[in-house]
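The primary structure of each chain is shown beneath.
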Amino acid sequence: MSRLVEYLLRRLGFYALAAWVAITLNFLIPRLMPGDPAQIMFARFKGEMNPVAIAALRETFGLTDAPMWMQYLSYLEHLFRGDMGISVSYFPEPVVNVIATGLSWSIFLAGTALIISFLLGTALGALAAWRRGGLLDSVAPPLLSLLGAFPYFWMAMLALFLFGFGLGWFPLWHAYPEGTSPGLNLPFLAGALYHAALPAATIVIASLGGWMLAMRNTMVGVLGSDYITYARARGLSPRRVLIRYAARNALLPNITGFGMAFGFVLGGALLTEIIFSYPGQGYLLIQAVRAQDYPLMQGLFLTITLAVLGANWLVDIVTLMLDPRTRR
Amino acid sequence: MNFGTLFKQLISNRKARAGLVIVGLFVLVSLIGPWAVQDPTAFTAMPHQLPSTEHWLGTTGQGQDVLAQTVAGTRVTLAVGFATGFLVVLFGALVGGTAGYLGGRTDDLLSLLINVFLVMPGLPLMVVIAAWLPPGPLTLLAVLVLTGWAWNARVLRAQTLALAKSDFVHAAKVSGESSLRIVTVEILPNMLSLMTSSFIGATIYAIGAQVGLEFLGLGDISKVTWGTNLYWASNDSALLLGSWWIFVPTGFCIALLGFGLTLINFGVDEIANPRLATESRWARQLRADATDDGSTPVVAGWVP
């Protein structure tokens, strides 16, 4: 048991280190760039904010005349209090509030797409390995790799063009219909699902191949092992052998990949959100870039990175519970 | 093995030859194309014109020729792609090779650095850095190398580690060869095919990510590249006006180039491991599983 705790703590230490690197990069990037970061960062505030408020904001980012290490400490202190400054484009809303609304939409879209893609891809991969050389096994992998050769956002644009604009089956933008109010009411929930359908479908199509191939390959290895032959020899039903004996053991590497995939989807969904004007983190990020809203941009980078690190740690825990071998 | 023999073998490999022809065509277009077409930025006709005999691929939302833009855009896109591929492998080989060859504390430290960069989501980092730097191809190059080196470093570290433990390296060490000579004469030649396929993989990544960043408006939007073409297509509401011909050609070019590069990589794999040539691609993966060492597979990079 103590080894288990030690392992988890070691992983936690690693993610804490990664988080520290991200936080420090967030501090260093504006300072390493050409030009005066304070000038660039607050140029847009001129005329909108009084000098006192600007001074407070400078304090938040540590952009004072103090020596570098004091700037760094001041930045860390504000960060730990959850103070990421004030957004320019959503003035005078604090960055933290803007991010909070975006984060829930991102997690909803990316999470749904990831779970569908994971379940569907894993199931298809298991089936492809079960009927090796069959129709599914010979048609799906090359087809999906071909689709993977096109840039993801380009496919998303095409999907929006064909199904949103051309055929009019799906809405062109936003996360829920106008006129409904966010909350637990049927029109809003149904509308939210309807709006998420096409963006989520493009993510699923783009990521399905990876899950399928990974599952198929592990599954083929598992199917060749002795205990499967033994299970078959005992006369167990093929269905039982497939699900309870083979798929269950082949699932593990896919679950390990889940944490990383969450990072890619949350990061990669930036493009989805931008194309479908879906009001998540990615859409906010590109709005922030276009509006030169540096406080919001920095805050978004940090939240996305921390979310990804957290997801990876959760997956480490889940893997530990599922696979006794990692407990050693 | 040196580059000469590798190239000769690539030419005689069917898949690699097809890939080389495709990539070669794009390189040719990038070199002479811009002189063969009209000025890509000139406003030559009415905006949003369907493909016609005059404008083979139609016109953009600003009345520029789509064909000319696609051809002219090849140059910067390819240059940045190949340069990034080269630098990513160079950087990856330096860090990964040092870690794998020296081992011990150095390895622990460098591996930690590699893993930290691997776990951080690349796209948001790219966006933030690109937003602070002045836009342009050099900025993209720097951003792509910074976010892309870790994967190659990890792969090349593993290979160096395996080679450093091999008998012939031990023999070289015992016979008193210098470290520099062992690395350049014993280890590097054996990593050539891996480094070539890493270079090609990194180039594919660089082209996709570069086009993606430019599409987001983080490139120099006054330059004509594949990414800025798509940026302007989206900016001029090509989607909402139904002008599919503005963004479809660029997408196909990217996919075709990626396909060509992948074909070369299949060839490199077959040369490095001659048994593969007689097997189908899927059979190869089966065998890879049979010899699986139980290490954890990870998703191979974000594919935009």
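Here the structure is a predicted model, which is why all the values come from computation and not from measurement.

Engineer: Looking at this model, I keep getting lost on the overall build of chain A. Mind explaining?
Structural biologist: Within chain A, the secondary structure is distributed over twelve helices and zero strands. The N-to-C order of helical and strand elements in chain A reads α-α-α-α-α-α-α-α-α-α-α-α. Classification of the 328 residues of chain A by burial places 42% in the buried group. Pairs at least 24 apart in sequence give 69% of the contacts found in chain A among residues at least 6 apart.

Engineer: Explain the overall build of chain B to me, please; I cannot follow it from the model alone.
Structural biologist: Looking only at helices and strands, chain B has eleven helices and zero strands in total. The linear arrangement of helices and strands in chain B, starting from the amino end, is α-α-α-α-α-α-α-α-α-α-α. With 304 residues in all, chain B has 46% of them scored as buried. In chain B, 70% of the contacts between residues at least 6 apart in sequence involve partners at least 24 apart.

Engineer: Sorry if this is basic, but what is going on with the interface of chain B and chain A here?
Structural biologist: Reports of interface size often rely on the accessible area that becomes lost once the parts have come together. Each partner contributes to the interface: chain B provides 44 residues, whereas chain A provides 52 residues. Classifying every residue of the side of chain B that touches chain A by side-chain character gives 33 nonpolar, nine polar and two charged.

Engineer: What am I meant to see in the confidence of the model for chain B here?
Structural biologist: A low pLDDT score tells you not to read the predicted coordinates there in detail. Residue and element names in this part refer to chain B. Of all residues in chain B, 89% have pLDDT values of 70 or greater, and the mean over the chain is 81. Ranking the elements of chain B by mean pLDDT puts helix H11 (residues 281-290) last with 51 and helix H3 (residues 66-102) first with 90. For residues 289-304, every residue scores under 50 in pLDDT, and the model assigns this stretch 37 contacts once sequence neighbours within four places are set aside. Reported for the predicted complex are a pTM of 0.79 and an ipTM of 0.77.

Engineer: Just to check I follow, could you spell out the environment of B:Ala153 for this structure?
Structural biologist: Residue and element names in this part refer to chain B. Assignment of secondary structure puts Ala153 in helix H6 (residues 137-164). For Ala153, a count of 29 C-beta atoms within 10 Å translates into the label buried. Sequence-distant contacts of Ala153, defined by excluding residues within four places in its chain, comprise Gly92, Val95, Gly96 and Ile114.

Engineer: For this particular structure, what's the right way to read the confidence of the model for chain A?
Structural biologist: Across chain A, pLDDT averages 79, with 86% of residues at or above 70. Within chain A, the lowest mean pLDDT, 67, falls on helix H2 (residues 37-42) of chain A, and the highest, 87, falls on helix H9 (residues 226-233) of chain A.

Engineer: Before we go on, may I ask you to explain the nonpolar core in this structure?
Structural biologist: A general feature of soluble globular proteins is that nonpolar side chains tend to end up buried together. Core analysis: the biggest nonpolar cluster contains 158 residues, and A:Met219, A:Met297 and B:Val127 have the highest contact counts within it. Beyond its immediate stretch of four places on either side in the chain, A:Met297 contacts A:Leu285, A:Ala288, A:Val289, B:Val128 and B:Ala131.

Engineer: Just checking my understanding: could you explain the environment of B:Val145 for this structure?
Structural biologist: Residue and element names in this part refer to chain B. Counting through the fold element by element, Val145 comes out in helix H6. Here Val145 falls in the buried class, since 20 other C-beta atoms lie within 10 Å of it. Considered as a pair, Val145 and Val268 are 123 residues apart in the sequence and their alpha carbons are 23 Å apart. The contact partners of Val145, leaving out residues within four places of it in the chain, are Thr84, Leu87, Val88 and Phe91.

Parameters and conventions
- Residues numbered from 1 in each chain as written.
- Chains lettered and ligands numbered in written order.
- Predicted model: local features only at pLDDT ≥ 70, side-chain atom pairs only at ≥ 80, totals over all residues.
- Helix = DSSP H or I, 4+ residues; strand = E, 2+ residues; numbered from the N terminus.
- Buried ≥ 20, exposed ≤ 12 C-beta atoms within 10 Å, placed from the backbone.
- Contact = placed C-beta atoms within 7 Å.
- Nonpolar A, V, L, I, M, F, W, Y, C, P; charged D, E, K, R; others polar.
- pLDDT = per-residue confidence, 0-100.
- Core = buried A, V, L, I, M, F, W, Y, C linked by C-beta atoms within 7 Å.

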